[in-house]
Amino acid sequence: MKTISILGSTGSIGTQTLEVVDILNDIRVGAITGNHNIRLLEEQARKYKPTLVAVMDTKKAKQLRDNLKDTSCRVVAGMDGFVEAATLPQADTVVTSVVGNVGLQPTFAAIEAGKNIALANKETLVSAGQLVMDLAKEKGISIYPVDSEHSAIFQSLQGNEGNPIRRILLTASGGPFRGKTLEELRHVTAADALRHPNWSMGKKITIDSATLMNKGLEMMEAKWLFGVETSQIEVLVHPQSIMHSAVEYEDGAIMAQMGEPDMRVPIQYALTYPKRSANPFPKVDFAKRSQMTFEYPDLDTFRCLALAYRALEIGGTMPTVLNGANEIAVEKFLDGKIGFLDIPALIEKTMKAYTVKQAERLEDLLKADAWARAYAAEAEL
């Protein structure tokens, strides 16, 4: 019986992870964490009976503690609580499904504690890729990607150890605004941006998909996960979301992983690797899915992807700054404070105002993240 901790159990990936747990029947949930949604956290705690429940909001933690006083669950609060959940002694694997740089500290702590990581928090590798991969190697732990694209790449690499990669084909759906002009994008609303054509995700990731920043973050994540150069990662817009990504080898052979767009499949593989288990999730009917198309992204219209490439080329703490500024920009857009095209404008302004530094320790990244958030929060366009 494997024991897991889920950081972000009330979000999209967290709730789908629990659906996978229900199907597999051989995984125990040792710890869960959340922020504001204590109603759902309480439901999860009563159903899965974890040893520990962590809530980032201290007031909400006190409320949940009162609600669960008739159970054996221990409720803790704040970042210290998240770190405790990530380092739960009996946990084998930590599912990091929180959104944003809040996942940095608990993920580092989990690796230090020798836990394998099922990684859905892409910002961890965007901000701290080299540090994370070096620490994982030092501690001898495995990082299993949960993002559908990175899981597809991971699966396409199986059985090809030692064969050089020519390029990684990182697919993108194109989001709800594929083919739109800059003038059309000037007037879109948050409600428009949240209507993703293929995937059901949280608000922040859905907006990132609409701006293509999500693909920029995934490009950075792929570089660190698979040890390739930026020039070896090619982003392809694939509106049908059937080919989740692929790897081309030196001889021209391309290995791809395909399936219906369902996050539960990569989540399950991250938890059962190298074993594959039966499940009731939808399977592809190629007779009905008779068309698969591909095109290059429009970097002039969707500038967030271009900014991500630029941040990775600059290196140091700049990817952290890009990520922090993006989180603030998305918050402002969802709150109606800025327009859709102001998202890349705010990120670029923040990047231009920053003096890049080398990232030698986690503290360097946390300082860069705090600076970027503060600047972006106050900046005017």
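Our subject is the structure that appears above.
Rules and cut-offs
- Residues numbered from 1 in each chain as written.
- Predicted model: local features only at pLDDT ≥ 70, side-chain atom pairs only at ≥ 80, totals over all residues.
- Heavy atoms only, no water.
- Helix = DSSP H or I, 4+ residues; strand = E, 2+ residues; numbered from the N terminus.
- Rg over C-alpha atoms; globule rule 2.2 N^0.38 Å.
- Buried < 20%, exposed > 50% of the residue type's maximum accessible area, 1.4 Å probe, protein only.
- Contact = heavy atoms within 4.5 Å.
- Areas by Shrake-Rupley, 256 points an atom, 1.4 Å probe, with all protein chains shown as cover.
- Lys, Arg positive; Asp, Glu negative; His and termini not counted.
- Charge placed at Lys NZ, Arg CZ, Asp CG, Glu CD.
- Pairing = 2+ DSSP bridges.
- Axes fitted to C-alpha atoms, helices over the stretch in contact; angles between N-to-C directions.
- Salt bridge = Lys/Arg side-chain N within 4 Å of Asp/Glu carboxyl O.
- Core = buried A, V, L, I, M, F, W, Y, C linked by side-chain atoms within 4.5 Å.
- Phe/Tyr/Trp six-rings, centres within 6.5 Å; stacked < 30°, edge-to-face > 60°.
- Lys NZ or Arg CZ within 6 Å of the ring centre and 35° of its normal.
- Parallel < 35°, antiparallel > 145°, perpendicular 65-115°, else oblique.
- Nonpolar A, V, L, I, M, F, W, Y, C, P; charged D, E, K, R; others polar.
- Expected span 1.5 Å × (residues − 1).

Q: Honestly, the overall build of the protein chain in this entry has me stumped. Any pointers?
A: Secondary structure summary: the protein chain contains 16 helices and 11 strands in total. For 381 residues, the compact-globule estimate of 2.2 N^0.38 gives 21 Å, and the protein chain sits close to it at 20 Å. When the backbone C-alpha atoms are referred to their principal axes, the protein chain occupies close to 55 × 50 × 40 Å. Every one of the 381 residues in the protein chain was classed for burial, and the buried ones make up 56%. Counting contacts in the protein chain only where the partners sit at least 6 residues apart, residues at least 24 apart contribute 68% of the total. A total accessible area of about 16,400 Å² is found for the protein chain, and carbon and sulfur atoms account for 49% of it. Each charge class in the protein chain can be summarised by its mean position, and for the 42 positive and 47 negative side chains these summaries are 5 Å apart.

Q: Would you explain the sheet that holds strand β5 (residues 93-96) in this entry?
A: Within the open sheet, the seven strands sit side by side as β4-β3-β2-β1-β5-β6-β7. Their pairing is parallel. Both edges of this open sheet fall to β4 (74-77) and β7 (143-145), since each of them pairs with a single strand only. Direction aside, the axes of adjacent strands within the sheet are offset by 20° on average. Bridge count for strand β3 (residues 52-55) against β4 is four bridges, and the pairing is parallel. Counted as the bridge partner of Val-53 is Val-75 from β4. Set on the sheet, helix α4 (residues 78-86) makes contact with β1 (2-7), β2 (27-34), β3, β4 and β5; between it and β3 the angle comes to about 145°.

Q: Help me understand the pattern of salt bridges in this model?
A: Two side chains bearing opposite charge may form a pair once their charged atoms approach each other closely. On inspection of all chains with the given rule, the structure shows 27 salt bridges. Residues Asp-22 and Lys-47 are paired through a salt bridge, measuring 3.2 Å at the closest nitrogen-oxygen approach. Of the two residues, Asp-22 is situated in helix α1 (residues 12-24) and Lys-47 in helix α2 (residues 38-48); the sequence distance between them amounts to 25 residues. Here Asp-22 falls in the partly exposed class, since its relative accessible area comes to 34%. On the basis of relative accessibility, which here comes to 51%, the residue Lys-47 falls in the exposed class. Taking the shortest distance from any N to any O, the salt bridge between Asp-369 and Arg-373 comes out at 2.9 Å. One end of the pair, Asp-369, and the other, Arg-373, are both in helix α16 (residues 362-378), four residues apart, so they sit about a helical turn from each other. Taken together, the shared-partner salt bridges in this structure form one network comprising Arg-166, Arg-167, Glu-234 and Glu-248.

Q: Hey, could you run me through the nonpolar core in this one?
A: Membership of the largest hydrophobic core comes to 114 residues, with the highest contact counts inside it found for Leu-322, Phe-340, Ile-343 and Ile-347. In terms of residues, this core owes the most to one element, helix α14 (residues 318-334), which gives eight residues.

Q: Please explain the sheet that holds strand β11 (residues 254-258) as it appears in this structure.
A: Backbone-to-backbone hydrogen bonds join strands into a sheet, with any given pair of strands oriented parallel or antiparallel. With mixed pairing, the four strands of this open sheet are ordered in space as β9-β8-β10-β11. Looking along the sheet, the strands with just one partner apiece sit at the ends: β9 (233-237) and β11. With direction set aside, neighbouring strand axes in the sheet form an average angle of 20°. Here five bridges tie strand β10 (residues 243-249) to β11, and the two strands are oriented antiparallel to one another. In the strand pairing of β11, Val-247 is matched with Met-255. With respect to the sheet, helix α11 (residues 213-226) is in contact with β8 (165-172) and β9, its orientation differing from that of β8 by roughly 150°.

Q: Mind showing me how you'd approach the packing of aromatic side chains here?
A: How two aromatic rings sit relative to each other is set out by the distance from centre to centre and by the angle between their planes. Counted by the stated rule, this structure contains nine aromatic pairs. Pairing Tyr-354 with Trp-371 gives two aromatic rings, centres 5.0 Å apart and planes at 50°, and the pair type is tilted. One end of the pair, Tyr-354, is in the loop between α15 (342-353) and α16; the other, Trp-371, is in helix α16, and 17 residues separate them in sequence. A relative accessible area of 10% means that Tyr-354 is categorised as buried. Classification of Trp-371 as partly exposed rests on a relative accessible area of 31%. Taken together, a centroid distance of 5.1 Å and an interplanar angle of 15° make the contact between Trp-371 and Tyr-375 stacked. In this pair, Trp-371 and Tyr-375 are both assigned in helix α16, four residues apart and thus about one turn of the helix distant. With a relative accessible area of 27%, Tyr-375 lands in the partly exposed category. Feature note: the residues Tyr-144, Phe-154, Tyr-269 and Tyr-273 constitute an aromatic cluster, connected by ring pairs. A cation sits over an aromatic face here: Lys-223 above Trp-224, 5.1 Å from the ring centre. Positioned above the aromatic ring of Tyr-269 is the side chain of Arg-276, whose terminal nitrogen or guanidinium carbon lies 4.3 Å from the ring centre.

Q: Got a minute to help me understand the packing of helix α10 (residues 203-211) against α11 in this structure?
A: A pair of packed helices is captured by two measures, namely the crossing angle of their axes and the spacing between those axes. Close contact between α10 and α11 brings their axes to 5 Å; oriented N to C, the two are set at 95°. Taken as axis vectors, α10 and α11 run roughly perpendicular relative to one another. Where α10 abuts α11, its residues Lys-204, Ile-205, Asp-208, Ser-209 and Thr-211 lie against Met-213, Asn-214 and Leu-217. Residue composition of the contact of α10 with α11, by class: three nonpolar, three polar and two charged.

Q: Is there a simple way to explain α11 in this structure?
A: Given 3.6 residues to a turn, an α-helix orients residues that are three or four positions apart in the same direction. Helix length check: α11, at 14 residues, gives a terminal C-alpha distance of 20 Å against a target of 20 Å (1.5 Å per residue), a fit within 8%. Counting buried positions along α11 gives 13 out of 14 residues, so the element sits mostly inside the fold. In the stretch just after α11, Gly-227 is the one whose phi turns positive, near 65°.

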